[in-house]
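What the coordinates show
So the chains spell out like this:
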Amino acid sequence: MHYFHLMKIFCVGRNYIDHAKELKNPVPKKPLIFTKPITAILDRNRPFYYPEFSQDIHFEVELVIKMCRHAKHVEEKFAHKYYEEIAVGIDFTARDIQAELKKKGHPWDIAKGFDRSAPISKFIPIESLNNSKDIQFSLKQNGELKQRGQSSEMIFSFDYLIYHLSKYFTLQKGDLIYTGTPAGVGPVQIGDVLECFIEDKEMLKCAIK
Ligand code: MG
């Protein structure tokens, strides 16, 4: 946790058309933004302990960018200067609680921001990737491929997200943006092992305990 103090975690919902459709949500015209608290971070491949308050925790694999400079009112064309490193993360979601909250029109905080709900890999330079313009990522559950995505399929690009977020929030160095999940989300069970990849490189392993 010591790498990740004093920062904000932004997340984007429904940023891939196929995932918006699988949850029967409309495709958004503007980014759907929510946040997680710092205590959601689960780093260094530590295990995830299934919480007692939910019976339907889902994995959502996501590319995560890290701000390398303070950003406020950044134009989209300059936004690429504000991040250099990328990681893969999981946006764990208590789908049963989220469904209740959505029904009532209430905020998602409990369903999305509970302790350890944001596993994160180490960060690597975007430049080091084979194809930095169309970043491939995936998730395996117990060795079986469940989700595969690529950054070119995002409805709102990294640059657009920084433009959008920086209208409302001062983005600080170290802040993270979970940029949304492709189709294939699903429930986890105690005993599962999730593995997340960027290109062919295994970046993150998370045991469910
Ligand atoms: Mg998500």
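This text follows the structure it describes.
Right, let's talk about unusual backbone geometry for a bit. At N45, a position not held by glycine, the phi torsion is positive, near 55°. Position of N45 relative to the elements: it lies in the loop between β3 (41-42) and β4 (57-59). Residue classification places N45 among the partly exposed positions, given a relative accessible area of 42%.

As judged from the six bridges shared by strand β10 (residues 136-141) and strand β11 (residues 144-150), these two strands associate in the antiparallel manner. The residue bridging Q136 from the neighbouring strand is Q150, located in β11.

A separate point is the coordination of the magnesium ion. Bound to the magnesium ion on the protein side are E60 (OE), E62 (OE) and D91 (OD), at distances that span 2.0 to 2.1 Å. When the donor residues of the magnesium ion are listed from N- to C-terminus, their spacing reads E-x1-E-x28-D. Separated by 31 residues along the polypeptide, E60 in the loop between β4 and β5 (61-67) and D91 in the loop between β6 (83-90) and β7 (93-94) bring together distant segments of the chain. Neither E60 nor D91 differs from the other in exposure class; each is buried.

The next subject is the pairing of β5. Taking burial as the measure, the seven residues of β5 include six buried ones, the bulk of the element. Pairing of β5 with β6, which is carried by seven bridges, proceeds in the antiparallel orientation. Along β6, the bridge assignment pairs M67 with Y83. Pairing of β5 with strand β12 (residues 176-178), which is carried by three bridges, proceeds in the antiparallel orientation. Looking at the pairing, K66 lines up with L176 of β12.

In this structure, I86, I90, F92, I162 and L194 are the most contacted members of the largest nonpolar core, which totals 47 residues. If sequence neighbours within four positions are ignored, I90 has contacts with F59, E60, S117, A118, P119, L139, Y178, L194, C196, L204 and C206. Counting 14 residues, the second-largest nonpolar core is a separate cluster that includes C11, F34, V64 and W108.

Now for the side chain of T93. As for its position among the elements, T93 is in strand β7. Accessibility expressed as a relative area gives 0% for T93, which makes it buried. Within the structure, the side chain of T93 is placed 3.1 Å from the backbone oxygen of D91, a separation counted as a polar contact. Sequence-distant contacts of T93, that is, excluding residues within four places in its chain, are made with D56, I57, H58, E60, Q98, A111, K112 and F114.

With antiparallel pairing, the four strands of this open sheet are ordered in space as β11-β10-β14-β15. Every interior strand has two partners, whereas the edge strands, β11 and β15 (201-207), have only one. For this sheet the average axis-to-axis angle between neighbouring strands, irrespective of direction, equals 20°.

The rules behind each value
Residues numbered from 1 in each chain as written. Predicted model: local features only at pLDDT ≥ 70, side-chain atom pairs only at ≥ 80, totals over all residues. Heavy atoms only, no water. Helix = DSSP H or I, 4+ residues; strand = E, 2+ residues; numbered from the N terminus. Buried < 20%, exposed > 50% of the residue type's maximum accessible area, 1.4 Å probe, protein only. Pairing = 2+ DSSP bridges. Donors = N, O, S within 2.8 Å, 3.2 Å for Na, K, Ca; no water. Core = buried A, V, L, I, M, F, W, Y, C linked by side-chain atoms within 4.5 Å. Contact = heavy atoms within 4.5 Å. Polar contact = N/O pair within 3.5 Å; in protein donor to acceptor, adjacent residues only side chain to side chain. Axes fitted to C-alpha atoms, helices over the stretch in contact; angles between N-to-C directions.

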